[in-house]
Amino acid sequence: MPESADSTESGDGVEAPSAGAEVTAAEIARLAGVGRAAVSNWRRRHADFPRPVGGTATSPSFALAEVEAWLRAQGKLAELPPAERVWQYLSGHPEGAATALVRTGCVLLLAAEEPGAREAADAADDPARALADALAPVLDRRFGTGQGRAVPAPEAAWFDAPTLTLVRAAAELAAGEGAAETYAFLLGRQLEAHPRQYAPTPEALAGLMAALAGPARAVLDPACGSGGLLLAAEGAGVLHGQEADGQLAALTALRLALRPGGARAVDVRAADTLRADALAGEAADAVLCHPPFNERNWGHDALAYDPRWEYGFPARTESELAWVQHCLARLRDGGTAVLLMPPAAAARRSGRRVRAGLLRRGALRAVVALPPGAAPPHHLPLHLWVLRRPGRERPATPEVLLVDAGAPGPATGEPQPPWEGVRATVLDAWRAFDRDGTLNEQPGVARSLPVIDLLDDATDLTPARHLPPATAGEDGRLAEVGEEVAATLRRTLSLTPEALTPPAAAGRAPVATTVGELARTGALTLRSGTAVAAGSRSGARVVLTDHDVLTGVAPTATLAPGDPDPAPDELLREGDVVVPVLGAGGPGGGPGVATAARVVDAAGAGAALGRNLTLLRPDPDALDPWFLAGFLRATANHRQASSYASAATRLDVRRIRLPRLPLAEQREYGARFAAVAAFEESLRLAARLGGQLVQGLHDGLTGPALPPS
């Protein structure tokens, strides 16, 4: 990336972007509030559009100052929002966004703890040296002076011209938004921009793990990543963390220190936890850990005689069991550890001896199976292990709690578990078991087993193997499903459209128009979806995804952390029409499959529009939404308007044709299309309920509940 020039001031006193700040096409789309396709069109249609200054042929980058000037000249940008300006300074920093974010976080911490110190340093003859001198005691006070601390000691060389431009803009943003909020926004953008480099623990899952651990004064995460688990440990006075990636460790330490009302002491170290434990002298009340899975090079040979292996030396292929024992070794007697584990760790034969040791010593207290989609990898039902460091008093006949909260969420690319139900199921079972040392069986959901019953040749701790599902028919649910199927089938039959016989002599076909022409005349508004869907987060804006439209369900996801809430006029409204444009039509992949389309109802109103969706907002005085949606779904339209984009098909909505008809006739069509949609939804429901009934009958007939007679 080219070196950044000194920032300049425009005539109105607003600091202009540094020459080195660059933006991608996706970021230009975000600035202008359009889809990426619009940016591609601008590049083709406008000879004066800024030329690329970096990046690659397939993913070029552009000078922010040139892009901003062009957008404003075209009337597509009134003023770059302050938060976006700071992010562009950060993402285009010549030393990399992560390094720049560490320095920005340090200055925001200074502004939060010593108001006025940054301005005083900025006014000095040598602002870089003054800023470094002002930062040093603040960072020492918050992060200590010992070796291996995550946030390095500040130097004057940090604050070159691009960095001074960045930290001044960030401080101005923080003056209005708050230092913690500004840093959270920038960190969220950084994590979102590098999804493969960072794998944060979803907020709902982190909250569940912290609740299982219970209140604790000192909390440790030995693989803290971006700090999500430590952030969930509300009420803790001391937070300890360790992370092998030095830059990520520094970002996390600053995140924790800036959190309002957070822990008084933050101790995050940058080192490889298993090979070089920097917190060996610390004992925590609770440990929360989302360790890396399936590591082969975790130090097996070098750590053969490590004192942490109290429960057995882990095999080379059992890195997760090494993390389990590390967490136990860092607990005080009676302290609780909660780890996120791959399901294979509960059953692999290579880990049987360590699992048996954990059971015999009473260290492993519970194994909880989560639904698929709880965290990456999304297709696996991950487990939570709850462990407690044995104290002097141990139960005579210890038991282990097994919970299966693994009902799958919606079958999306990143399925979202029903977190409220999962949390209630898991915590109710754990708290009752933790209080009484045993739990009455809840068929198919939870039970406690004596340790001796699990100590066999396999020592398999997979909850589903010890929790046979509730037998169909035992609780009367099968009869209820049967009644629902019958009622739904009757409703579906009543909704079946009457046979349509074409007239003997068809009239002249009405004049046709296209969606593109309707958009140009103002009869409808077109917009591409840009919202990034992520895990379910309480209080976050819901997002309608392309899979939701294809399967006919309500919005299932929420905005990704750091993604700004769309403007009110960008949110879905009742009567909007939404169409998937990538791979539209479902399996088959070719242009012979019909397009999907949905008319937004009350359940979808207020949601953000996800990627790979196009919104058509008809003028109610010119277009009927059901009329529009019905013609969008015509097979002929899909064939005519689809093209191949690599391995998938892409729908050009503007090319879809529909007849020019008076509004009254449109509404006649619309009423019929709405009736067909109701019939389709009833068919979907009948299929879902029928599947439940069929499986219930199989389970009942193979068990004692339903004899064949």
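Computed from a predicted structure; not experimentally measured.

### What about the overall build of the chain?
Secondary structure assignment for the chain yields 22 helices and 24 strands. Of the contacts made within the chain by residues no fewer than 6 positions apart, 73% connect residues no fewer than 24 positions apart. Entry remark: accessible area of the chain is about 32500 Å², with carbon and sulfur atoms responsible for 53%.

### Thoughts on the environment of Pro662
Its place among the elements puts Pro662 in the loop between strand S24 (657–659) and helix H22 (663–701). Put simply, Pro662 and Asp624 are 38 residues apart on the chain and 10.0 Å apart in space, counted from C-alpha to C-alpha.

### Quick look at helix H1 (residues 25–32)
Judged by how many residues are buried, H1 sits mostly within the fold: six of eight residues are covered. Of all the positions in H1, only Ala25, Glu27, Ile28, Ala29, Leu31 and Ala32 are classed as buried. Where the residues of H1 are buried, they touch strand S1 (22–24), helix H2 (36–45), strand S3 (60–63), helix H3 (64–73) and helix H4 (82–91).

### Things to note about the pattern of salt bridges
For the structure shown, the criterion picks out 31 salt bridges. Two residues, Glu310 and Arg361, come together in a salt bridge whose shortest N-O distance is 3.4 Å. Linking Glu310 in the loop between strand S7 (284–289) and helix H13 (319–329) with Arg361 in the loop between helix H14 (352–360) and strand S9 (364–369), this pair joins segments that are 51 residues apart in sequence. Here Glu310 falls in the partly exposed class, since its relative accessible area comes to 33%. Arg348 is the salt-bridge partner of Glu318, the closest N and O atoms lying 2.9 Å from each other. Of this pair, Glu318 sits in the loop between S7 and H13 while Arg348 is found in the loop between strand S8 (331–341) and H14, placing the two residues 30 residues apart along the sequence.

### A short note on the confidence of the model for the chain
Averaged over all residues, the pLDDT of the chain is 84; the fraction at 70 or higher stands at 86%. Across the chain, element-level confidence peaks in strand S10 (residues 383–388) with a mean pLDDT of 97 and bottoms out in strand S22 (residues 642–645) with 59. Per-residue pLDDT stays below 50 along residues 408–415; that stretch engages in 20 contacts with residues further than four places along the chain or on separate chains. Scored below 50 in pLDDT, residues 584–593 shows 20 contacts in the model against residues more than four places distant or in partner chains.

### Overview of the packing of helix H20 (residues 625–632) against H22
How two helices sit against one another is set out by the angle between their axes and by the gap between those axes. Following both chains from N to C, one finds H20 and H22 inclined at 65°, their axes separated by 7 Å at the closest point. For the pair H20 and H22, the sense of crossing is left-handed. Taken together, the residues of H22 that come into contact with H20 (itself represented by Trp626, Phe627, Gly630 and Phe631) are Gln666, Tyr669, Gly670, Phe673, Ala674 and Ala677. Grouping the constituent residues of the contact of H20 with H22 by class yields seven nonpolar, three polar and no charged.

### Observations concerning the sheet that holds strand S12 (residues 446–450)
Strand order in the open sheet made by the nine strands is S6-S5-S4-S7-S8-S10-S9-S11-S12, with mixed pairing throughout. In the strand order of this sheet, the two ends are held by strand S6 (265–270) and S12, each with one partner. Within the sheet, the average angular offset between the axes of one strand and its neighbour, ignoring direction, is 15°. Two strands pair when backbone bridges link them, and strand S5 (residues 238–243) and S6 are joined in this way by six bridges, in the parallel orientation. Looking across to S6, one finds that His240 is bridged to Asp267. Where H14 meets the sheet, it contacts S9, S10 and strand S11 (399–404), and its direction lies at approximately 45° from that of S10.

### Brief notes about the pairing of S7
Looking down a regular strand, the side chains alternate between one sheet face and the other. Summarising burial for S7: five of the six residues are buried, a large majority. Direction of pairing for S7 relative to S8: parallel, over a ladder of five bridges. Looking across to S8, one finds that Ala284 is bridged to Leu331.

### Re unusual backbone geometry
Omega for the peptide link from Pro376 to Pro377 comes to -5°, which places this bond in the cis form. Structurally, Pro377 is set in the loop between S9 and S10. With a phi close to 55°, Asn294 is a non-glycine residue in the positive phi region. Looking at the secondary structure, you find Asn294 in the loop between S7 and H13. Even without glycine at this site, Thr459 takes up a positive phi of about 45°. Assignment of secondary structure puts Thr459 in the loop between S12 and helix H16 (463–466). Residue class for Thr459 comes out buried when judged on its relative accessible area of 1%.

### Things to note about the packing of aromatic side chains
Under the counting rule described, the total for this entry stands at eleven aromatic pairs. Members of the aromatic cluster, joined through ring pairs, are Trp42, Phe49, Phe62 and Trp70.

### Description of the sheet that holds strand S2 (residues 54–55)
The strands that make up a sheet pair up through hydrogen bonds in the backbone, lying either parallel or antiparallel. What the three strands build is an open sheet, ordered S1-S3-S2; its pairing is antiparallel. With one partner strand each, in any of the chains shown, S1 and S2 form the two edges of the open sheet. Bridge count between S2 and S3: two bridges; the pairing is antiparallel. Counted as the bridge partner of Gly54 is Ser61 from S3.

### Observations concerning H22
The periodicity of an α-helix, 3.6 residues per turn, causes residues three or four positions apart to be oriented the same way. With 39 residues, H22 extends 56 Å between its outermost C-alpha atoms, agreeing within 8% with the 57 Å of an ideal straight helix rising 1.5 Å per residue. Considered for burial, the residues of H22 that qualify are Leu663, Gln666, Gly670, Phe679, Ser682, Ala686, Leu689, Leu693, Gly696 and Gly700. In this fold, the buried residues of H22 make contact with helix H17 (477–495) and H20.

### Regarding the environment of Arg435
The topology assignment puts Arg435 in helix H15 (residues 419–436). Among the polar contacts made by the side chain of Arg435, one reaches the side chain of Asp436 at a distance of 3.3 Å.

### So, a positive patch on the surface
On the surface, Arg44, Arg45, Lys76, Arg520 and Arg654 cluster together into a patch of positive charge. Structurally, Arg654 is set in the loop between strand S23 (648–651) and S24.

### Thoughts on the environment of Gly362
Structurally, Gly362 is set in the loop between H14 and S9. Sequence spacing of Gly362 and Arg388 is 26 residues, and the spatial spacing of their C-alpha atoms is 7.8 Å.

### Overview of the side chain of Thr182
One can find Thr182 in helix H9 (residues 179–193). Not counting residues up to four positions away in its chain, the partners in contact with Thr182 are Leu108, Ala170, Leu173, Ala174 and Glu177.

### Focus: the side chain of Arg308
Along the chain, Arg308 turns up in the loop between S7 and H13. Its relative accessible area of 6% is what places Arg308 among the buried residues. Discounting chain neighbours no more than four positions away, the residues touching Arg308 are Thr273, Leu274, Asp277, Leu303, Gln325, His326, Ala329 and Arg330.

### A look at the state of the cysteines
The full count for this structure, using the stated rule, is zero disulfides. Here Cys224 stays unpaired: no disulfide links it, and the sulfur of Cys289, its closest cysteine neighbor, is 9.6 Å away. Cys327 takes part in no disulfide bond, and the closest cysteine sulfur, belonging to Cys289, lies 4.2 Å away. Judged by its relative accessible area of 0%, Cys327 is buried.

Cut-offs applied
- Residues numbered from 1 in each chain as written.
- Predicted model: local features only at pLDDT ≥ 70, side-chain atom pairs only at ≥ 80, totals over all residues.
- Heavy atoms only, no water.
- Helix = DSSP H or I, 4+ residues; strand = E, 2+ residues; numbered from the N terminus.
- Contact = heavy atoms within 4.5 Å.
- Areas by Shrake-Rupley, 256 points an atom, 1.4 Å probe, with all protein chains shown as cover.
- Buried < 20%, exposed > 50% of the residue type's maximum accessible area, 1.4 Å probe, protein only.
- Salt bridge = Lys/Arg side-chain N within 4 Å of Asp/Glu carboxyl O.
- pLDDT = per-residue confidence, 0-100.
- Axes fitted to C-alpha atoms, helices over the stretch in contact; angles between N-to-C directions.
- Left-handed = near helix turned anticlockwise from the far one by under 90°.
- Nonpolar A, V, L, I, M, F, W, Y, C, P; charged D, E, K, R; others polar.
- Pairing = 2+ DSSP bridges.
- Phe/Tyr/Trp six-rings, centres within 6.5 Å; stacked < 30°, edge-to-face > 60°.
- Expected span 1.5 Å × (residues − 1).
- Polar contact = N/O pair within 3.5 Å; in protein donor to acceptor, adjacent residues only side chain to side chain.
- Patch = residues over 30% accessible without salt bridge, like charges linked within 9 Å, V, L, I, M, F, W, Y side chains within 5 Å.
- Lys, Arg positive; Asp, Glu negative; His and termini not counted.
- Charge placed at Lys NZ, Arg CZ, Asp CG, Glu CD.
- Disulfide = S-S within 2.5 Å.

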